[in-house]
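The primary structure of each chain is shown beneath.
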Amino acid sequence: MTKQPPSAAKSKSLAGRIAIPGDKSISHRALILGALAVGETVISGLLQSDDVLATAEALRALGISIREDKAGDMHVLGRGTGGLCQPDTELDFGNSGTGARLMMGVIAAHPLTARLTGDASLTSRPMKRVLEPLSHFGARVEGGRGKLPLTLTGAALAVPVSYELRVPSAQVKSAVLLAGLNTRGRTCVIEPVATRDHTERMLELFGADIRIEKRPEGGLKICVRGEAELQPQHIVVPGDPSSAAFPAVAALITPGSDIIIQNVMMNPARSGLYTTLAEMGGQIDFLNPRRQSGEVVVDMRVRASALKGVYVPGERAPSMIDEYPALAIAAACAAGPTRMEGLGELRVKESDRLRAIHDGLALCGVDCIAGDDVLTVTGQKTIPGGVRVQTRLDHRIAMAFLVLGLVSENPVSVDDAATIMTSFPGFLPLMQKLGARISP
Ligand code: S3P
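Within any chain, residue numbers begin from 1 and follow the written order of that chain's sequence. Reporting in this predicted model follows two pLDDT cut-offs: at least 70 for local features of residues, and 80 or more for side-chain atom pairs to be given and counted; totals over whole chains, interfaces and linings ignore these cut-offs and use all residues. Values shown for side chains rest on all heavy atoms present in the structure; no hydrogens or waters enter the calculation.

**Points about the packing of aromatic side chains**
For Phe, Tyr and Trp, rings pair up if their centres lie within 6.5 Å, where Trp contributes its six-membered ring, and each pair is then called stacked (planes under 30 degrees apart), edge-to-face (over 60) or tilted (otherwise). Enumeration according to the criterion identifies three aromatic pairs in this entry. When the ring of Phe 246 is compared with that of Phe 427, the centres are 6.4 Å apart and the planes differ by 85°; the resulting orientation is edge-to-face. One end of the pair, Phe 246, is in helix α7 (residues 241–253); the other, Phe 427, is in helix α12 (residues 427–433), and 181 residues separate them in sequence. For the exposure calls, accessible area comes from a 1.4 Å probe over protein chains only, and a residue counts as buried if that area is under 20% of its type's maximum, exposed if over 50%, partly exposed in between. Relative accessible area serves as the criterion here: at 0%, Phe 427 is assigned to the buried category. Ring geometry for Tyr 274 against Phe 286: centres 6.4 Å apart, planes inclined by 90°, an arrangement best described as edge-to-face. Helix and strand definitions here come from DSSP, where helices need a minimum of 4 consecutive H or I residues and strands a minimum of 2 consecutive E residues; each element is numbered from the N-terminal end.

**A few points about the packing of α7 against helix α9 (residues 324–332)**
Note on method: axes are straight lines fitted to C-alpha atoms, helices fitted across the in-contact stretch only, with angles between N-to-C directions ranging 0 to 180 degrees. Two elements in contact, α7 and α9, have axes whose closest approach is 9 Å; the angle formed by their N-to-C orientations is 5°. Classified by the angle between their axes, α7 and α9 sit roughly parallel to one another. Contacts from Ala 245, Phe 246, Val 249 and Ile 253 in α7 reach Ala 326, Ile 329 and Ala 330 in α9. In the scheme used here, Gly and all other residues not listed as nonpolar or charged are polar, with Ala, Val, Leu, Ile, Met, Phe, Trp, Tyr, Cys and Pro taken as nonpolar and Asp, Glu, Lys and Arg as charged. Split by residue class, the contact of α7 with α9 holds seven nonpolar, no polar and no charged. Under this scheme an angle from 65 to 115 degrees is roughly perpendicular, one under 35 degrees roughly parallel, and one over 145 degrees roughly antiparallel; angles in between are oblique. Contacts are assigned to residue pairs with any non-hydrogen atoms lying within 4.5 Å of each other.

**Some remarks on the state of the cysteines**
Any two cysteine sulfur atoms within 2.5 Å of one another count as a disulfide. Overall, the coordinates contain one disulfide when judged by the stated rule. Between Cys 333, a free cysteine, and Cys 364, which holds the nearest cysteine sulfur, the sulfur-to-sulfur gap is 10 Å. Taking the relative accessible area as the measure of exposure, Cys 333 reaches 23% and is therefore partly exposed. Free of any disulfide, Cys 364 has its nearest cysteine sulfur in Cys 368, 9.7 Å distant.

Shown next as structure tokens:
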């Protein structure tokens with residue numbers, strides 16, 4: 001018997017309280033810095049999704065012991081910067097651009113050779129953006145023509161580097177800083193446009209000598225001293241605002257909803273979606289702000305709201321780069337058009353997201369126009385639905401269209417829900433707990 005694809009149907013008001021699982025970006029970084037510290041790092045609330053587990057597996061192949069205790073905490077036995085060993089298996093990062101690119105940075109400054117690969121989505125994504133700066137440290141690449149699979153040989157004596165980012169990418173910035181940890185000197189990254197700063201915050205927590213300066217001409221200069229002796233930590237991973245985006249948008253658009261989403265990280269470099277939803281008239285209250293492992297965490301109360309279309313400037317894109325699929329769903333239910341600019345990077349995410357969003361919305365009967373790096377979605381009172389959307393190995397496309405199904409006249413299904421495991425394993429049961437009619 002073939003399994004029915006997951007499908008979402010028109011739902012009554014959502015209600016209740018859910019806790020969002022750990023942040024994906026922080027989870028990758030906690031494992032990696034734990035491996036580069038000397039001694040045992042304990043991670044509570046690690047996101048146990050396919051992407052993060054692939055990074056853990058790669059670190060194990062490089063000689064790091066990582067084990068889970070009975071309470072679910074992860075124990076990473078770090079071997080110090082420069083302490084990773086030659087792997088005897090291929091490192092498979094599955095769907096994860098973050099895992100692959102950050103680990104390339106680590107490997108670039110270790111005297112070892114590793115073959116890196118990934119799934120059909122990851123092997124089609126650009127890697128030159130990270131391989132080029134890593135070559136300045138002395139790392140060498142064979143094969144791949146700028147894509148995975150490829151073989152990376154790290155430098156035995158990596159030299160410190162100064163590098164100005166050509167794309168606004170936290171992954172590239174982080175790869176360069178991680179490589180810099182195992183050099184004899186200071187490595188600096190110039191970031192003309194701010195991107196998420198979890199690597200910097202966590203490096204500081206682990207005791208690295210990291211300095212961040214504002215440049216008079218704009219942007220930031222971030223420098224880290226090499227031969228770093230990182231101190232092991234107890235990291236408590238805050239909930240992922242990119243995952244919270246889906247139940248939050250679901251509650252905003254489903255009439256009568258009133259939900260609480262607990263434990264959501266609020267970092268200014270990640271909160272562009274929430275700024276935009278507030279401009280659209282979304283009723284979101286940020287409750288009980290507190291600090292957790294160098295980040296601010298809140299509980300969010302989200303109530304159904306009459307949304308209106310807005311203009312979303314390109315400068316905001318880095319702070320909400322993963323949230324456009326969720327925003328497009330909110331825009332489809334708002335009064336009037338929402339124009340989103342500066343979306344060039346969406347073309348090289350887990351899928352060509354600009355196209356996936358456009359095609360999915362058009363299939364569902366929503367009026368939208370896509371340009372090279374622009375998307376305009378015009379909201380409407382009734383959304384026909386009654387279709388199956390192609391997810392193109394993209395977890396966020398799958399979740400976004402299941403949310404749209406909750407307010408469509410006819411059910412919306414997706415061709416593949418397995419991909420949701422890459423970032424949000426509990427998505428379906430948590431949405432069902434809130435009252436969403438999603439059948440797995
Ligand atoms: C991430 C950075 C972003 C984001 C990705 C996670 C990270 O990518 O899209 O999901 O953890 O550094 P870019 O930095 O390439 O834009």
